[in-house]
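Given next are the chains, with one letter for each unit.
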Amino acid sequence: MKIGTPKETFAGERRVAMTPDSATALQKLGHDCVIETGAGTEAGFADADYAAAGVEVVKTAAALWKAADVVAKVRVPDDAEMKRLRDGQTLISFFSPVADEAKMEAAAKKGATVIAMEMIPRISRAQKMDALSSMANIAGYRAVIEAGNNFGRFFTGQITAAGKVPPAKVLVVGAGVAGLAAIGTSTSLGAITYAFDVRPEVAEQVESMGAEFVYLDFEEEQTDGAATGGYASVSSPEFREAQLAKFRELAPEVDIVITTALIPNREAPELWTEDMVAAMKPGSVVVDLAAEKGGNCKLTVMDEKIVTENGVTIIGYTDFPSRMATQASSLYATNIRHLMTDLTPEKDGAINHDMEDDVIRGATITHEKAVTFPPPPPKVAAIAAAPKKEAPKELTPEEKRAKETAEFKAQTRNQVTLLGIGGALVLGIGLIPGMPASFMQHFIVFVLSVFIGFQVIWNVAHSLHTPLMAVTNAISSIIILGALIQVGSSSLLITLLGALGIFMASVNIFGGFLVTRRMLAMFQKS
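For every chain, the first residue of the written sequence is number 1, and numbering continues from 1 onward in sequence order. For this predicted model, a pLDDT threshold of at least 70 governs which residues receive local features, and a threshold of 80 or more governs which side-chain atom pairs are given and counted, while totals over whole chains, interfaces and linings are taken from all residues. For side-chain calculations, the full set of non-hydrogen atoms in the structure is used, while hydrogens and water are omitted.

## Re a nonpolar patch on the surface
Excluding any residue in a salt bridge, patches collect residues exceeding 30% relative accessible area, merging like charges within 9 Å and nonpolar Val, Leu, Ile, Met, Phe, Trp and Tyr side chains within 5 Å. Accessible surface is estimated by sampling points in the Shrake-Rupley manner with a 1.4 Å probe; for residues, cover comes only from the protein chains shown. The term salt bridge refers to a pairing of a side-chain nitrogen on Lys or Arg with a carboxyl oxygen on Asp or Glu at a separation within 4 Å. Together, Leu493, Leu497, Leu500, Phe503, Met504 and Val507 line one region of the surface with nonpolar side chains, adding up to about 630 Å² of accessible area. Strands are runs of DSSP state E lasting at least 2 residues, helices are runs of H or I lasting at least 4, and numbering of each runs from the N terminus. Assignment of secondary structure puts Leu493 in helix α17 (residues 492-521). Overall, Leu493 belongs to the exposed group, its relative accessible area being 56%. Relative accessibility decides the category of a residue: with a 1.4 Å probe and only protein chains considered, values under 20% of the type maximum give buried, values over 50% give exposed, and everything between is partly exposed.

## Here's the deal with the pairing of strand β13 (residues 285-288)
Residues in a regular strand point their side chains to alternate faces of the sheet. Burial along β13 is two-sided: Val285 and Val287 and Val286 and Asp288, pointing in opposite directions, are all buried. Here three bridges tie β13 to strand β15 (residues 313-315), and the two strands are oriented parallel to one another. Across the sheet, the residue bridging to Val285 is Thr313, located in β15. By this definition, two strands are paired if DSSP reports at least two bridges between them.

## Observations concerning the nonpolar core
Nine residue types can take part in a nonpolar core, namely buried Ala, Val, Leu, Ile, Met, Phe, Trp, Tyr and Cys, and a core is a set of them joined through side-chain atoms within 4.5 Å. In this structure, Val55, Ile92, Met117, Tyr332, Ile336, Leu339 and Met340 are the most contacted members of the largest nonpolar core, which totals 39 residues. If you list the elements that add at least two residues to this core, you get α1 (20-28), β2 (32-36), β4 (70-72), α6 (131-150), α11 (325-343) and α12 (358-363). No other element matches the seven residues that α11 contributes to this core. Residues are treated as being in contact if the distance between any of their heavy atoms lies within 4.5 Å. Apart from the residues lying within four places of it in its own chain, the contact partners of Val55 are Met18, Ala23, Gln27, Cys33, Val34, Ile35 and Tyr50. Counting 30 residues, the second largest nonpolar core, distinct from the first, contains Phe151, Ala195, Val287 and Ile315.

## Notes on the packing of α1 against α11
Two numbers describe how α1 lies on α11: the axes approach to 9 Å, and their chain directions differ by 5°. Taken together, the axes of α1 and α11 are roughly parallel relative to one another. Residues Ser22, Ala25 and Leu26 of α1 form the contact with α11, whose own contacting residues are Ala333, Arg337 and Met340. For this classification, the nonpolar set comprises Ala, Val, Leu, Ile, Met, Phe, Trp, Tyr, Cys and Pro, the charged set comprises Asp, Glu, Lys and Arg, and every other residue, Gly included, is treated as polar. For the contact of α1 with α11, the class distribution of residues is four nonpolar, one polar and one charged. Whenever a helix is involved, its axis is fitted only over the stretch in contact; in every case the axis is a line through C-alpha atoms, and angles between N-to-C directions fall within 0 to 180 degrees. Any angle that is under 35 degrees is reported as roughly parallel, and any over 145 degrees as roughly antiparallel; angles of 65 to 115 degrees are reported as roughly perpendicular and all others as oblique.

## A few points about the environment of Thr185
With respect to the helices, strands and loops of the structure, Thr185 is situated in helix α7 (residues 177-188). Spatially, the C-alpha atoms of Thr185 and Val144 are 6.8 Å apart, while their sequence positions differ by 41 residues. When neighbours within four sequence positions are excluded, Thr185 is seen to be in contact with Tyr141, Val144 and Ile145.

## What about the sheet that holds strand β12 (residues 256-259)?
Strand order in this open sheet of seven strands is β11-β10-β9-β12-β13-β15-β14, and the pairing throughout is mixed. Here the strands that pair on one side only, and so sit at the sheet edges, are β11 (212-213) and β14 (305-307). Relative to β11, strand β10 (residues 192-196) runs parallel, the two sharing two bridges. Paired with Tyr194 across the two strands is Glu212, which belongs to β11.

## Comments concerning the sheet that holds strand β5 (residues 90-93)
Strand order in this open sheet of eight strands is β3-β2-β1-β4-β5-β6-β16-β17, and the pairing throughout is mixed. Unpaired on one side and paired on the other, β3 (56-58) and β17 (370-371) mark the two borders of the sheet. Note: strand β1 (residues 2-5) against β4, two bridges, orientation parallel. Following the sheet pairing, Ile3 is matched in β4 by Val70. Packing of α11 onto the sheet brings it into contact with β1, β4, β5 and β6 (113-116), and relative to β5 it is tilted by some 145°.

## As for the pairing of β6
Along β6, one buried face is formed by Thr113 and Ile115 and the opposite face, lined by Val114 and Ala116, is buried too. The β-α-β motif built from β5, the intervening helix α5 (residues 101-110) and the parallel element β6 has right-handed crossover chirality. Of the strand pairs in this sheet, β6 and strand β16 (residues 364-367) are connected by two bridges, and their pairing is antiparallel. The partner of Val114 across the bridge, within β16, is Thr366. Look down the strands so they point away from you; if going from the first strand over the helix to the second traces a clockwise path, that crossover is right-handed.

## Comments concerning the side chain of His353
Structurally, the position occupied by His353 is in the loop between α11 and α12. Any pair of N or O atoms that falls within 3.5 Å is considered a polar contact. Within protein, one atom must be able to donate a hydrogen and the other to accept it, and sequence-neighbouring residues count only if both atoms are side-chain atoms. At 2.8 Å, the side chain of His353 forms a polar contact with the side chain of Thr364. Apart from the residues within four sequence positions on either side, His353 is in contact with Thr113, Ile115, Leu343, Ile360, Thr364 and His367.

## Let's talk about the packing of α6 against α11
Running from N to C, α6 and α11 point in directions that differ by 165°, and their axes come no closer than 9 Å. One element, α6, and the other, α11, form an angle in the roughly antiparallel class. Of the two possible hands of crossing, α6 and α11 adopt the one that is right-handed. Contacts between α6 and α11 involve Ala131, Ser134, Met135 and Ile138 on the former and, on the latter, Gln327, Ala328, Leu331, Tyr332 and Asn335. Grouping the amino acids of the contact of α6 with α11 by side-chain chemistry returns six nonpolar, three polar and no charged. With the far helix as reference, a near helix turned anticlockwise by less than a right angle produces a left-handed crossing, and one turned clockwise produces a right-handed crossing.

## A look at the side chain of Glu8
Looking at the secondary structure, you find Glu8 in the loop between β1 and α1. At 2.7 Å, the side chain of Glu8 forms a polar contact with the backbone nitrogen of Val74. There is a polar contact of 3.1 Å between the side chain of Glu8 and the backbone nitrogen of Arg75. For Glu8, the contacting residues outside a window of four places in its chain are Glu13, Arg15, Lys73, Val74 and Arg75.

## Describing the packing of aromatic side chains
What counts as a ring pair is set by centres within 6.5 Å for rings of Phe, Tyr and Trp (its six-membered ring), and what kind of pair is set by the plane angle: stacked under 30 degrees, edge-to-face over 60, tilted for all other angles. Counting across every chain of the model gives seven aromatic pairs. A centroid spacing of 6.5 Å and a plane angle of 65° characterise the contact between Phe45 and Tyr50, whose relative ring orientation is edge-to-face. Pair check on accessibility: Phe45 and Tyr50 agree, each one buried. On the basis of an interplanar angle of 90° and a centroid distance of 5.3 Å, the ring pair of Phe196 and Phe247 is categorised as edge-to-face. Here the residue Phe196 occupies a position in strand β10, and Phe247 occupies one in helix α9 (residues 237-250), the gap between them amounting to 51 residues. An identical accessibility class is assigned to Phe196 and Phe247; each is buried. Each member of the aromatic cluster is reached from another via a ring pair, and the members are Phe196, Phe247 and Trp272. In this arrangement the basic side chain of Arg75 is found over the ring face of Phe10, its NZ or CZ atom lying 4.0 Å from the centre. By definition here, charges over rings are those cases where NZ of Lys or CZ of Arg is within 6 Å of the ring centre and within 35 degrees of the ring normal.

Below, the structure written as structure tokens:
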């Protein structure tokens, strides 16, 4: 089949749904690739790059839509593109099925199959196709860069000859994919980063990235994000009031606020109110990643940057991924390539649209002249909920004593058996004709040493090391003890070997402590 990518018609959109690299991978699945001339220019991919990758370059969008069996694009198709959609054709793009219900029904009436990339289920198996996460990752990173571009000071603190510069304080509201990307970028730039999310289970992720999680003095049972497709659940009014009170407390302290709270197909919740903006210091910056759905900040203006009367800059851009078109196109094209891999299981260029597959079914909104949206809920609750284990039966004192006695007897029986086997082997070696008595004396000492050494090594506590490190250090310690005994020998060779043994074992022991120290430092907050 032919997979085609047209030039995006949405004003200001610079991304493209196919890159030369993704086209190469698609051709390995048995597909032919076609692209409209100039489609990748603004993302940094020239027509010559596509031609070198074996992609057919056509001059017009009409020619592309006519030639392609599968059309992959970024934005929702406009009216002209919807007219070009035909029976049996597959369209892969962001589609907004709730907002564009008329277009969805029109596509179904034409007999086209539409796969909405924002409807890819957020389950582990589908992470490689999750375009929302790919774009959110870029948006979170870019939000910090935009904030830095509009912030008049350093992110990191500095001590210079001209004086001391305090680090910037950044608050990230929402610790989803975009929020975590913003946290990682902010901390790497040296800012003091705070993060808030209604899901307390993300606190560990936030703190592992070097940020401080903002806790509320409020207890409310939260729905596990896994059961809601990875998104935060709607909180109670009491929780919301406690949340806003905490934000009002933080507003005068923070320099940059990045809000990321948004659930697809819903209006963005208002989290940063007008009085909070008024409480911020002049020169502060608010970046609202939910501007497309009304914004988390009360004063956000969609697709604009404004400055309030008290000098706070509020950024409401909705094209953050497009502002990094090369990277965004590479990630999005990879998402589509992975989706096509699932749609082409035999790698023969023939699409198998399996509606029994959870991922394909979840993302498909029209198929075989029928609207298939909304999809059935993702089957994650059954996976997330672990089966309850039965409590172990409590034993009576008599049963406990009987169990301990049986275990002791079994252990004793095993030890006696091993000792018997060992004694028989030693006796067998001693009965070998011509075996010198001095050898047997040394051999018995060796066997006893191995036995005692084994007991010593395996009983070493590994509280400061991993178990493997503890065992190797214990072995090295025994080597040092043996070498110290032999280093005073009258033989020069034995003395040199003893000294070498002490040196090598010492390197191993001190190296073990250094490695352990570095491992522990990974879990310490700087």
